[in-house]
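The lines below spell out each chain.
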Amino acid sequence: MSHSITGHTGLLCLLGSPVEHSISPAMHNEACELLDLDYKYLAFNVSEEQMKTAVEGLRTMNCRGWNITMPGKNIMCKLADKLSPASEISGACNTIVNDNGVLTGYTTDGIGFMSAVKDCGEDIIGKKMTLLGAGGAATAILVQAALDGLKEIRVFNVRDGFYERAEAIVSKLNERTSCKVTLHDYSDPEILRASIADSDILVNGTSVGMAPGTDRTIITDTSMFHPNLFVFDVIYNPQETRLLKEAKAAGCRTANGMYMLLYQGAASFELWTGKKMPVDAIKEKFFDKIK
């Protein structure tokens, strides 16, 4: 049933800049139509400087909830009244639920990753992961994977601005979870080789290999791959990065980040509505046709 907008229609939305390219409005509005829910999801181009003002407006108007894309994920943590454990540890949130003016922040990116891996038929609970990167996407993956019960995660990153933040997050995870988490300098290839050799899953959480730089790869020595390795690249443009092509050629199972986008949205949708997103229908309409 298609809902006309009335005085009862609830608002869901996306904040960030830019947002024009986002698939979220189409995905969430389709889900609301399929489940006969009286919500509309809109995208608003909001800069970092405008974020606080926009949030107060949405709180006042009793907007049910919203997603946050860059550059606002870290700012939103400071504007929320409460935080989920994953958001508190990572210092970022991509989802706000507004309960009568009380804003609770969540990060569903890591949930999206774990669901996407499960969708591939992979069970990584209790397994070992090598994670490349310590930026936003990589941190969300790290935190959720540790909370969900991976045995060990080794994070590799260059000594950039993310490294010190990563050290603090690793320390929190070792205190609060049973997962053994370590942080390493990416510049040491032998430590990386040893980690991948002992891992069940290798994740590229960086933008290396994303269009237009499709000739680049985060792993330049393909002898590090082994047939028992599952390789996941958060990039989905291109659909198959150089990393994934070379890993597949080495006998690895592979997947890109497209369904991570789907499942992080599904997790947000359920937090707002209490209903499970009809992911099969959404997948078929918006994702499978471009694979």
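The following paragraphs examine the structure supplied in this document.

1. Some points on the sheet that holds strand β7 (residues 128-132)
The 6 strands lie next to each other as β9-β8-β7-β10-β11-β12, forming an open sheet whose pairing is parallel. At either end of the open sheet lies a strand with only one pairing partner, and these are β9 (180-185) and β12 (253-256). Averaged over all adjacent pairs, the angle separating strand axes in this sheet is 15°, with direction ignored. Contacts from helix α5 (residues 109-119) reach β7, β10 (201-204) and β11 (230-233) within the one sheet, and its direction differs from that of β11 by about 135°.

2. Focus: unusual backbone geometry
Backbone torsion omega between Ser-17 and Pro-18 reads 0°, so that peptide bond is classified as cis. Tracing the sequence through the fold places Pro-18 in the loop between β1 (10-16) and α1 (24-34). With an omega dihedral of 10°, the bond running from Asn-237 to Pro-238 counts as a cis peptide bond. By the element assignment, Pro-238 lies in the loop between β11 and α9 (242-249). Of note, Asn-62 is a non-glycine position whose phi angle comes to about 60°, a positive value. Its location among the elements puts Asn-62 in the loop between α2 (51-60) and β3 (65-68). Given the relative accessible area of 45%, Asn-62 is considered partly exposed.

3. Observations regarding the environment of Pro-278
Counting through the fold element by element, Pro-278 comes out in the loop between α10 (258-273) and α11 (279-287). In sequence terms Pro-278 and Ala-31 are 247 residues apart; their C-alpha atoms lie 6.4 Å from each other. The contacts of Pro-278, once residues within four sequence positions are left out, are Ala-31, Leu-34 and Leu-35.

4. Quick notes on the sheet that holds strand β4 (residues 82-83)
On the basis of which strands lie adjacent, the open sheet formed by 6 strands has the order β2-β1-β3-β5-β6-β4 and mixed pairing. Strands with a single pairing partner mark the edges of an open sheet, and in this sheet they are β2 (39-45) and β4. In the sheet, β1 pairs with β3 via 4 bridges, with the strands oriented parallel. Bridge pairing in β3 links Cys-13 to Trp-66.

Thresholds, definitions, all that
Residues numbered from 1 in each chain as written. Predicted model: local features only at pLDDT ≥ 70, side-chain atom pairs only at ≥ 80, totals over all residues. Heavy atoms only, no water. Pairing = 2+ DSSP bridges. Helix = DSSP H or I, 4+ residues; strand = E, 2+ residues; numbered from the N terminus. Axes fitted to C-alpha atoms, helices over the stretch in contact; angles between N-to-C directions. Contact = heavy atoms within 4.5 Å. Buried < 20%, exposed > 50% of the residue type's maximum accessible area, 1.4 Å probe, protein only.

By themselves, these are just geometric observations and shouldn't be taken as functional.
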